[in-house]
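Residue strings, one per chain:
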Amino acid sequence: MRQLPPLSALRAFEAAARHGSFKRAASELAVTPTAISHQIRSLEEHTRLNLFDRRVRKVTLTEAGAHLYPVLREGFDAFEAVLERLTQVRRRKAPVTISATTAFTAKWLLPRVAGFQSLHPDIDLQLLASDEAVDLTGNHVDIAVRYGRGPYPGLEAEVMFADDFAPVVNPKLGVLAPADLAAVPFIHFQWKRAHPLNPTWESWFAAAGLEWMSPVAELRYSDEAHAIQAAVAGQGIALLSLALVRDEIAAGQLAQPFGPTVAGHTYHLVMSGDRPPSTRVSAAAEWLRSEVRSIPRLSNPLSGTSERSGPQGAAL
């Protein structure tokens, strides 16, 4: 075991030697000059060496003190440099956390993560999939993608895009016109929150000017992403968000055989209004904006402007 003096005494000696003053050392270490004097006296007793020549309003190092000081100075400098480097690494690696609904995370965010990593290899991205609105006042979530009508009190919110819903189906089922709806099951998913403007098959039939027909069968899923997968698998026709099935339509796994579309809700990019975003968080937010701008024909594309929200609106 090392037989070393107390660290507090070594710190007091190094600061006093560097400043040439017990008073200035006390100010740096936020203690009294008397406390510095006691610490150095304790060090001298421990080492049985006189380390300072004490004079009126001035202290100077003895020969023993002059030998000890550079060793301690370099040691404390090394401690500081390593700790600062480790702190910078921790800050650099601290992830940016984005919260969004389960379906939006799976169908919209996840396919785009590789693009973010290519742009920002030094920033880790963490996705939190939750259909509950998370608390942005703490330090656990940096950005939320909220789906609803807004506004969101106390938060900085900006519109990403408005959502549209339409019937989509696996092309292999041969659904080409509304009349074909009588031959295929209807796929439903459960909205997490009730809202009179939630798109439903009933509201679509009304928008299309068609009389409601009882489907040959109905499949109901608790999660929107599961309904999307069911439609891809050819289990029936689903009324789904066109923003979330864009890739499946482009790949030919799903088709939108006819209209009309019905309006869904709006995706908002939301951050805390209590603190300015860090450089990392700002980079992630700008990446989300650029992803929205890169997608053609989205309703109400993100303008990049933001405003402080007022009273709480529905979030779905």
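The sections below set out a description of the structure shown in this document. (Residues numbered from 1 in each chain as written. Predicted model: local features only at pLDDT ≥ 70, side-chain atom pairs only at ≥ 80, totals over all residues. Heavy atoms only, no water.)

Helices and strands together make up the secondary structure of the protein chain, namely 10 helices and 11 strands. The globule rule puts the C-alpha radius of gyration for 316 residues at 20 Å, and the 32 Å found for the protein chain is more than 25% above it. Put simply, the protein chain has 316 residues, and 41% of those count as buried. Counted over contacts in the protein chain with a minimum sequence separation of 6, partners at least 24 positions apart contribute 77%. A total of about 17000 Å² of accessible surface is found on the protein chain, and carbon and sulfur atoms cover 53% of it. Of note, the protein chain has its 32 positive side-chain charges centred 11 Å away from the centre of its 32 negative side-chain charges. (Helix = DSSP H or I, 4+ residues; strand = E, 2+ residues; numbered from the N terminus. Rg over C-alpha atoms; globule rule 2.2 N^0.38 Å. Buried < 20%, exposed > 50% of the residue type's maximum accessible area, 1.4 Å probe, protein only. Contact = heavy atoms within 4.5 Å. Areas by Shrake-Rupley, 256 points an atom, 1.4 Å probe, with all protein chains shown as cover. Lys, Arg positive; Asp, Glu negative; His and termini not counted. Charge placed at Lys NZ, Arg CZ, Asp CG, Glu CD.)

Right, let's get into the pattern of salt bridges. For the structure shown, the criterion picks out 13 salt bridges. Among the salt bridges present, the one from Arg-18 reaches Glu-14, with a minimum N-O distance of 2.9 Å. Taken as a pair, Arg-18 and Glu-14 lie in helix 1 (residues 7–19) at a separation of four residues, close to a single helical turn. By relative accessible area, Arg-18 is classed as partly exposed at 38%. Glu-14 gets classed as buried once you look at its relative accessible area, which sits at 6%. In this structure, Arg-289 engages Glu-158 in a salt bridge whose closest nitrogen and oxygen atoms are separated by 2.9 Å. In this pair, Arg-289 sits in helix 10 (residues 279–293) while Glu-158 sits in strand 6 (residues 155–168), placing the two residues 131 residues apart along the sequence. Among the charged side chains, a salt-bridge network with shared partners connects Glu-158, Glu-286, Arg-289 and Arg-293. (Salt bridge = Lys/Arg side-chain N within 4 Å of Asp/Glu carboxyl O.)

Our next topic: the nonpolar core. It is characteristic of soluble globular proteins that their nonpolar side chains tend to be buried jointly. Counting 58 residues, the largest nonpolar core has Phe-104, Trp-108, Ile-143, Met-160, Ile-237 and Leu-240 as its most contacted members. With seven residues, helix 10 is the largest single contributor of residues to this core. With 20 residues, the next largest nonpolar core counts Ala-9, Ala-15, Leu-29 and Phe-76 among its residues. (Core = buried A, V, L, I, M, F, W, Y, C linked by side-chain atoms within 4.5 Å.)

Here we take up unusual backbone geometry. Between Gly-259 and Pro-260 the backbone carries a cis peptide bond, its omega angle lying at 0 degrees. Following the sequence through the fold, Pro-260 ends up in the loop between helix 9 (246–250) and strand 10 (262–272). The phi angle at Ala-30 is positive, at roughly 60 degrees, despite the residue not being glycine. Within the secondary structure, Ala-30 is located in the loop between helix 2 (22–29) and helix 3 (33–47).

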